[in-house]
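Take a look at the letters that make up each chain.
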Amino acid sequence: MQLNEIRVDPLTNRQEDPLSNRHEQGSKMAMPDIQGTSSQTNERSLWLSGIMRGVEGAKTKQRYSGPLIPKVPDKLKHENKECYKPSVVSIGPYHYKDRQNKLHEVEKLKVQMARQFVLDSKIKDIEILYSEVAKVAENAKRFYEGSSISCFDDEQFTRMMFLDGCFILQFIRGVMDNKLDMSDQQIILVKQDLLLLENQLPFSVLKSLMSLKNDGDDRGKEININDFLLHQILQTSDQRRPVWVLSWLVKGYLLLLLIYTSVVYPFHILQGKDSFFFSPLFGILVAGVIFVCKMVASLMRSLLCGNKWQAAKYHWPPHQEPAHILELLYSMFIRSQKEKHKLSLRSCCIYDLPERLRNLFPKSKLGKRGHNLYYSAKDLQKVGIHFKPSKTSTLMDVEFVSSIFYATLKIPSITIEKATRSMLLNLVAYETAAFLDDLWVTSYICFIDSLIDDAEDVKVLRSKGILINYLGPDQKVADLFNQIGRSLEANTNIVYNDVKRKINVSCDSTWKKWIAEWLQTYFSSPWAFIAFVAAAAVLVLTATQTYYTVYPYKSSDSPMSVGT
C-alpha cells in the first residue's frame, strides 16, 4: 500500500485504507460504499454551509448579548470611581447591600412615596399594582447579571422592583410638580443617582406601573419621564443665539455703510452728479433694508430650527422601548440622522450651496494632518474660525463650514452643572458596556477636551452659548473636561474626525489668518471700530481734496459760460 492511498476524513480525523477491505466485501457491498461516500459529502456540505450561515448571522446579530443593565467595566472604575456609586438611593440589586448603611435615610422614604404613588393612581389598590409588576418580574431578572440576583428569591425580587419603581415615578412627579418632602440637596443627589448605569430599573417595570396610572394610554407612558429628562436633566437653552445674531448684523450693517460712504459716495462727488441714488441717505436706507431682512430671516430660522426637538415628545416605536432611563437619556443626546435631516430641510438651501459646490472638487489636503486637533478654542478664533451653537442639541449635529474669508464651527450646546461629570461618565460607561458601534458621547467629550486647555477657552465657548456654565468659575469647567478626557481612549467617530481634519486644513490658510487679524484689530470693540471708520473717512476726504486740488472743477463747461 502506498502512502498516497491513505485518506484522512476531514470531519472524523480517521485514517482509512482504501485497499484493506477490497477483497473481503465483494460486489454486493459496492452500493453501500457509494451511498456512504454520498452521505459523507452531504455531511461536509452541511458543515461548510453552517459556517457561512454563522457568518451571515453575525452580521445581523446584535454585537452585545449580555444583560441590558450591565455593570460598569472595570477599566473605567480606576478613575472617577465615586461617579458610578449611588450617593443617597439604591435602585435595583447591584448596590442593594448599601441600603441598610449609608443609603438608609432615603430608603425609609421609599415606603412613604410608594404609598403616595398608589393613592395618586386611578386604581387605588396596591394588590393590583403589585400584580402588574409581578407579571414582568421574571423577565426583569434577565436585565441584570446572574450573580447579582442569585441571592433574591422571586418574591424578594418582585418587592424590590415594586418599591423602586413606585419611588422613581413618584419622585419624577414630585419634581415636576414641585411637591416633594425632601431637601434640595437630596433632590439633586437623587436625580444624579437615577442616571447611574448600575442604578437602573428595567423600563418594563415602570411601564407596568404607569399603564394603570395613565388610564391605560400606551402612547403616553414615556411622557412624564421624557419631560423630566428634558427639563430637569438636560436644561438646554437657546436664548443666546438671537443676541449673537443681532450683534453680528449690527456690525455688518456698519461695515456696509462704511463701504458705501467710502467708495460709492466719493465716486458721486467726483462725477459731480446730483442724484438721490448716490446720496448717503440712499445708502443708509438700502443697508438698513438689507440687514433688517437678514435679521428677520435669521430669527425665523432660529425659531423654526433652534432646539425644536426638545419641546416635542419623543415616542419609541411600538415594537421597541428603552431598556432603562439612562438609555432614554442617551437617545435624547443622540437622536437619529433622519430626524436631523428633517430639521435641516427647514433652512434655506442657498446657505448650503457654497458647501455643496466645494464638495464637487477633490480635497487632496484633507487628510494630511490626521484627525488630531492641534488648536484650542482661543487659537481657532485667532485664525478666523467662529463658534456657533448647532441648530439642535444632538451630539451628531456638529459641522464645520468654511467660506472664503472665515469658517464656522457649529457644536451642540450642553449645560454644565455639578451632576454633569457623573452623567457624562455613566453615558460613556453605557456606550462601552453595551459595545455600541458609534461612541457619540465619548467622541463629543474628547472633541470638547481638545478645544479646551484653560479657562480662556471655556470663556470663548461660553460666550457663544456652546457651554452653559452653572458649575462655577470657568477653570472648573476646563478641569472637568480635561480630567474626563484623560481617562478616555482616543475616539474613532468618523463625523468628529472629519471635522477635526477640516479644522486643521483651515488653520493653514494664510488669507484667513490675515482677515482674522484685521477683524480683531478693527472690530474687537466699538471704540476700535469707530476709530477705523474715522481714519477711513479722513483718508477718503483727503483723497477727494487732493483730487480737486489737482483737477479743479471748471464751471466754464456749463452752457451759460459757453454763451458768453
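*Asks:* Mind showing me how you'd approach the overall build of the chain here?
*Replies:* Regarding its fold elements, the chain presents 25 helices and 7 strands. Every one of the 564 residues in the chain was classed for burial, and the buried ones make up 42%. As displayed, the chain offers around 32,000 Å² of accessible surface, 58% of which is attributable to carbon and sulfur atoms.

*Asks:* Would you mind showing me how to read helix α8 (residues 184-193) here?
*Replies:* Count 3.6 residues to each turn of an α-helix, and residues three or four apart come out pointing the same way. For α8, a buried count of 7 out of 10 residues is recorded, marking the element as mostly surrounded by other parts of the structure. All of the buried residues in α8 are Gln186, Ile187, Leu189, Val190, Lys191, Gln192 and Asp193.

*Asks:* What exactly am I supposed to notice about the sheet that holds strand β3 (residues 385-389) here?
*Replies:* To summarise the sheet geometry, strands pair through backbone hydrogen bonds and adopt either a parallel or an antiparallel arrangement. Taken in spatial order, the 3 strands line up as β3-β5-β4 in an open sheet, and their pairing is mixed. The sheet is open, and its two edges are formed by β3 and β4 (399-402), each paired on a single side. On average, adjacent strands in this sheet sit at an angle of 20° to one another, irrespective of strand direction. With 5 bridges connecting them, β3 and strand β5 (residues 407-411) associate as parallel partners. The residue of β5 that forms the bridge with Pro389 is Ile411. Along the sheet face, helix α19 (residues 440-451) touches β3 and β5 and points at about 135° away from the line of β5.

*Asks:* Just checking my understanding: could you explain the pairing of β5 for this structure?
*Replies:* Sheet faces and side chains relate simply in a regular strand, where the side chains alternate between the two faces. Most of β5 sits out of view: 5 of its 5 residues are buried. In β5, alternate side chains face the same way, and those of Ala407, Leu409 and Ile411 on one face and Thr408 and Lys410 on the other are all buried. Relative to β5, β4 runs antiparallel, the two sharing 4 bridges. Of the residues in β5, the one forming a bridge with Phe400 is Leu409. Taken together, β4 and the strand that follows it, β5, pair antiparallel across an intervening segment of 4 residues.

*Asks:* Would you mind showing me how to read a nonpolar patch on the surface here?
*Replies:* Together, Trp47, Leu48, Ile51 and Met52 make up a nonpolar patch on the protein surface, roughly 410 Å² of accessible area in all. Its location among the elements puts Ile51 in helix α2 (residues 30-60). We classify Ile51 as partly exposed; its relative accessible area is 42%.

*Asks:* Mind showing me how you'd approach the packing of α19 against helix α21 (residues 474-486) here?
*Replies:* Think of two packed helices as two axes; the pair is described by the angle between the axes and how far apart they sit. It is at 9 Å that the axes of α19 and α21 come closest, and there the two elements cross at 125°. Considered as vectors, α19 and α21 are oriented oblique to each other. By crossing handedness, the relation of α19 to α21 is classed as left-handed. Residues Ile445, Ile448 and Asp449 of α19 touch α21, and the partners they reach there are Phe481, Asn482, Ile484 and Gly485. The residue inventory of the contact of α19 with α21, partitioned by class, reads 4 nonpolar, 2 polar and 1 charged.

*Asks:* Just to check I follow, could you spell out the packing of α19 against helix α22 (residues 494-507) for this structure?
*Replies:* Where α19 contacts α22, the axes come no closer than 10 Å and their chain directions differ by 20°. Accordingly, the angle class assigned to the pair α19 and α22 is roughly parallel. On α22, the residues touching Trp440, Ser443, Tyr444, Phe447 and Ser450 of α19 are Val495, Tyr496, Val499, Lys500 and Ile503. Among the residues making up the contact of α19 with α22, the classes are represented as 7 nonpolar, 2 polar and 1 charged.

*Asks:* Could you clarify how one ought to interpret the packing of aromatic side chains in this entry?
*Replies:* In this description, an aromatic ring pair is defined by two values, namely the gap between the centres and the angle between the planes. Inspection of the entire model under this criterion finds 9 aromatic pairs. Between Tyr96 and Phe152, the aromatic rings sit 5.1 Å apart at their centres with planes inclined by 90°, giving edge-to-face as the arrangement. Of this pair, Tyr96 sits in the loop between α3 (74-77) and α4 (104-120) while Phe152 sits in the loop between α6 (146-149) and α7 (154-177), placing them 56 residues apart in sequence.

*Asks:* Would you take a moment to explain helix α18 (residues 420-433) for this structure?
*Replies:* For α18, which comprises 14 residues, the first-to-last C-alpha distance of 20 Å matches the rise-based estimate of 20 Å (1.5 Å per residue) to within 8%. Burial runs high along α18: 13 of the 14 residues are buried. Backbone geometry just downstream of α18 places Phe435 in the positive-phi region, at approximately 55°.

*Asks:* It is not clear to me how the environment of Lys191 should be interpreted in this structure. Could you clarify?
*Replies:* Inspection of the secondary structure assignment puts Lys191 in helix α8. Among the residues examined, Lys191 registers a relative accessible area of 14% and is labelled buried. Those residues in contact with Lys191 that lie beyond four places of it in its chain are Phe171, Phe228, Gln232 and Ile233. One polar contact links Lys191 to Gln232, side chain to side chain, over a distance of 3.3 Å.

*Asks:* Could you clarify how one ought to interpret the side chain of Asn80 in this entry?
*Replies:* Among the secondary structure elements, Asn80 is positioned in the loop between α3 and α4. Residues in contact with Asn80, not counting those within four places in the same chain, are Arg421, Leu425 and Ser487.

*Asks:* Even after reading the chapter, I still don't get the pattern of salt bridges, so can you show me in this structure?
*Replies:* Pairing between side chains of opposite charge can happen when their charged atoms approach one another. Throughout the structure, instances matching the rule amount to 16 salt bridges. Note that Asp120 is salt-bridged to Arg173, the shortest N-O span being 2.9 Å. Highlighted residues: Asp120 in helix α4 and Arg173 in helix α7, separated in sequence by 53 residues. For Arg173, a relative accessible area of 34% gives the class partly exposed.

*Asks:* Teacher, can you tell me more about unusual backbone geometry here?
*Replies:* The general pattern is negative phi for most residues beyond glycine and trans for most peptide bonds. The backbone of Asn178 sits at a positive phi, close to 60°, despite the residue not being glycine. By the secondary structure assignment, Asn178 is in the loop between α7 and α8. Positive phi, normally seen in glycine, also occurs at Phe435, with a value near 55°. Among the secondary structure elements, Phe435 is positioned in the loop between α18 and α19. By relative accessible area, Phe435 is classed as partly exposed at 47%.

The rules behind the values
Residues numbered from 1 in each chain as written. Predicted model: local features only at pLDDT ≥ 70, side-chain atom pairs only at ≥ 80, totals over all residues. Heavy atoms only, no water. Helix = DSSP H or I, 4+ residues; strand = E, 2+ residues; numbered from the N terminus. Buried < 20%, exposed > 50% of the residue type's maximum accessible area, 1.4 Å probe, protein only. Areas by Shrake-Rupley, 256 points an atom, 1.4 Å probe, with all protein chains shown as cover. Pairing = 2+ DSSP bridges. Axes fitted to C-alpha atoms, helices over the stretch in contact; angles between N-to-C directions. Contact = heavy atoms within 4.5 Å. Patch = residues over 30% accessible without salt bridge, like charges linked within 9 Å, V, L, I, M, F, W, Y side chains within 5 Å. Salt bridge = Lys/Arg side-chain N within 4 Å of Asp/Glu carboxyl O. Parallel < 35°, antiparallel > 145°, perpendicular 65-115°, else oblique. Left-handed = near helix turned anticlockwise from the far one by under 90°. Nonpolar A, V, L, I, M, F, W, Y, C, P; charged D, E, K, R; others polar. Phe/Tyr/Trp six-rings, centres within 6.5 Å; stacked < 30°, edge-to-face > 60°. Expected span 1.5 Å × (residues − 1). Polar contact = N/O pair within 3.5 Å; in protein donor to acceptor, adjacent residues only side chain to side chain.

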